[in-house]
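# Report on the structure
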Amino acid sequence: MGEAITLRPDGTLNTPKNPVIPFVPGDGIGPDIWGVARKVFDQAVAKSGGGRSIDWLEIYAGEKALREFGDTLPEASLEAIRKFRVAIKGPLTTPVGKGIRSVNVALRRTLDLYACVRPVRYFPPVPSPVRHPELVDMIVFRENTEDVYAGIEWPKDSPEAREVMALVEKLSGKRIREDSGIGIKPISRSGTQRLVRMAIRYALDHGKTSVTLVHKGNIMKFTEGGFRAWGYEVAETEFGEETITEERLWKEAGGVLPQGKKLVIKDRIADAMFQQILLQPEEYSVLALPNLNGDYISDALAAQVGGLGMAPGANIGEGIAVFEATHGSSPKDAGKNIVNPSAVILSGAMMFDYIGWGDVATRIRKALAESIETRHVTFDLAKQMENSTQVLCSEFGDIVLEHLEKCWLGNAW
Ligand code: NAD
């Protein structure tokens, strides 16, 4: 019988030796990749020793939940995630049609998982569209609840859109074209600061040397500009001992981190940052962004290192987190045992880091990296990788398991 992960008064997690971890295999290709990933996780935990094991608990969401319980996101599933604090899920299909909510969005909103966290690094020899993908090693903290994604919108010609337009004209003297749809972009100080706080804590805990606030504050002064100002504010007021702004670093310290300082806080305008990630990726480490910028840059970075099949992620709140691959349920490939399980395997590695089992996470990443180096890869990578052999999803899983086994015997850790 497993036990629940609990939260200590200081906000850190207390992970028992045999934690209960709820999982959702997911829709479409979900069961294919989950079946492979779970074996990898169990073996990595067993090999890491310490008498540890995972007590997996299946919970229901998406199409399977709809079939069995008439609800795509049953309350019992949400309750289980709240109780056990850490969960992992496969992709969920959002049925196309009016009024059908996205389960993914509902999960994030209901559990207030306010940070979408995506690490991006390169696994050679995965095909990449850039010349030096190995220079990319970033982790994106994207705000998940505000901005133009807040869901406050009215269609063209609706009474609400007209009323808002009239109010805007009254308040600002500016006329909006009558045939406009209207959306609202709220960005709050509290919403920004909890996100930037998480990014800074992560950077300090993992020995990273910079956090970059990415915004479009030159144009949207009170929303994106607010994000920048409030981000610097939280760095200064809560982490003043350990952090220094880039401006002060150069003005006062000649560009060298002064004694005692561990982290440089800098900011970049979003459009310039899209150039930077291509031209000078080695200068960036942890990024904190509002929702829309974060959405774009996460996918751009994933593409730089080889695409969605390799992109892990997590949605994290206060002492609660749901880990998931970035890609969707790719219904056309479902049940064929052909897709790449790497993204969900790497999401699991993030999960082990999060619960304090960094040794398990390292094992998984190392075994996965070595497996990809064999050039026996799934179709998405094989079609672009020279001298590669295409293997099935489960066959790739077996290669990862072999490497987990070998690494242990070779005492490679
Ligand atoms: P998708 O990610 O499912 O597919 C996009 C492309 O990437 C397809 O060509 C697919 O073959 C490829 N792909 C995806 N995962 C792969 C893998 N592991 N290995 C190899 N190739 C892979 O995106 P989509 O087609 O836009 O969406 C399909 C469904 O997934 C929709 O219902 C959407 O709402 C849902 N979705 C869910 C999530 C989530 O659960 N977090 C995220 C994105 C999309």
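Shown above is the structure to which this text applies.
Quick caveat: nothing in here was measured; it's all calculated off a predicted structure. (Residues numbered from 1 in each chain as written. Predicted model: local features only at pLDDT ≥ 70, side-chain atom pairs only at ≥ 80, totals over all residues. Heavy atoms only, no water.)

## Section: the sheet that holds strand β3 (residues 20-24)
Taken in spatial order, the eleven strands line up as β4-β3-β5-β15-β14-β6-β7-β13-β10-β12-β11 in an open sheet, and their pairing is mixed. Looking at the sheet topology across the chains shown, the edges are occupied by β4 (55-58) and β11 (243-245). Strand after strand, the sheet turns through a mean of 25° between neighbouring axes, direction not considered. Examined bridge by bridge, strand β10 (residues 210-215) and strand β13 (residues 286-289) share three bridges and lie parallel to one another. Opposite Val211, over in β13, you have Val286 as the bridge partner. (Pairing = 2+ DSSP bridges. Helix = DSSP H or I, 4+ residues; strand = E, 2+ residues; numbered from the N terminus. Axes fitted to C-alpha atoms, helices over the stretch in contact; angles between N-to-C directions.)

## What about the site of the ligand?
Surveying the vicinity of the ligand reveals 20 residues, the closest of which are Leu92, Gly328, Ser330, Lys332 and Asn340. Within the contact set of the ligand, an oxygen atom lies 2.9 Å away from a backbone nitrogen or oxygen of Leu92. Between the ligand and Gly328 there is a distance of 2.6 Å, counted from an oxygen atom to a backbone nitrogen or oxygen. When the free accessible area of the ligand is taken as 810 Å², the share hidden by the protein chains comes to 68%. Of the residues in the shell around the ligand, the class split is six nonpolar, nine polar and five charged. (Near = heavy atom within 4 Å. Polar contact = N/O pair within 3.5 Å; in protein donor to acceptor, adjacent residues only side chain to side chain. Areas by Shrake-Rupley, 256 points an atom, 1.4 Å probe, with all protein chains shown as cover. Nonpolar A, V, L, I, M, F, W, Y, C, P; charged D, E, K, R; others polar.)

## Some thoughts on helix α5 (residues 159-172)
The terminal C-alpha atoms of α5 lie 20 Å apart, and with 14 residues this matches the ideal 20 Å at 1.5 Å per residue to within 8%. Every buried residue belonging to α5 is among Ala161, Val164 and Met165, and all of these are buried. Down the axis of α5, the buried side of the element spans an arc of 100°, and every buried residue falls inside it. Residues of α5 that are exposed and angled more than 90 degrees away from the buried face: Pro159, Glu163 and Lys170. Structurally, α5 contributes buried residues whose contacts are with β8 (153-154) and β9 (182-183). Positive phi appears at Gly173, one or two residues downstream of α5, with a value of about 75°. (Expected span 1.5 Å × (residues − 1). Buried < 20%, exposed > 50% of the residue type's maximum accessible area, 1.4 Å probe, protein only. Arc of directions from axis to C-beta. Contact = heavy atoms within 4.5 Å.)

## Re the layout of surface pockets
Put simply, the largest pocket is a space of about 1200 Å³. Forming the walls of the largest pocket are 45 residues, and the residues nearest its centre are Phe141, Tyr202, His206, Ile316 and Tyr354. Every element with two or more residues in the lining of the largest pocket is listed here: β6 (115-121), β7 (137-143), α6 (189-205), α10 (291-304), β14 (312-316) and α11 (342-354). Looking at the lining of the largest pocket element by element, the count peaks at six residues for α6. Residues belonging to the lining of the largest pocket are distributed by class as follows: 23 nonpolar, ten polar and twelve charged. Lining of the second largest pocket is provided by 25 residues; of these, Ser102, Asn104, Val105, Arg108 and Glu324 occupy positions nearest its centre. Those elements that place two or more of their residues in the lining of the second largest pocket are α4 (103-110), β6, β14 and β15 (321-325). (1 Å grid on protein atoms, 1.4 Å probe; cavity = no way out; pocket = protein on both sides within 12 Å on 5 of 7 lines; lining within 4 Å. Points joined across faces, edges and corners; volume = space filled by probe spheres on them.)

## Let's talk about the pattern of salt bridges
Under the defined criterion, the tally for this structure stands at 26 salt bridges. The network of salt bridges with common partners includes Glu75, Glu79 and Arg82. (Salt bridge = Lys/Arg side-chain N within 4 Å of Asp/Glu carboxyl O.)

## Quick notes on empty space enclosed by the protein
Tallied over the entire structure, the rule returns three cavities of 30 Å³ or more. In this model, the largest cavity occupies a volume close to 50 Å³. Lining the largest cavity, in full, are Val24, Ile59, Ala61, Leu73, Ser77, Ile81, Ala87, Ile88, Lys89, Leu107 and Val322. Breaking the lining of the largest cavity down by element, the ones donating at least two residues are α3 (75-84) and β5 (86-89).

## Concerning the packing of α11 against helix α12 (residues 358-373)
The geometry of α11 relative to α12 is characterised by a closest axis approach of 7 Å and an angle of 155° between their N-to-C directions. By the angle class used here, α11 and α12 are roughly antiparallel. Here α11 runs over α12; the crossing is left-handed. For the pair formed by α11 and α12, the contact residues are Ser342, Ile345, Leu346, Ala349, Met350, Phe352 and Asp353 on the first element and Gly358, Val360, Ala361, Ile364, Arg365, Leu368 and Ile372 on the second. For the contact of α11 with α12, the per-class residue count stands at ten nonpolar, two polar and two charged. (Parallel < 35°, antiparallel > 145°, perpendicular 65-115°, else oblique. Left-handed = near helix turned anticlockwise from the far one by under 90°.)

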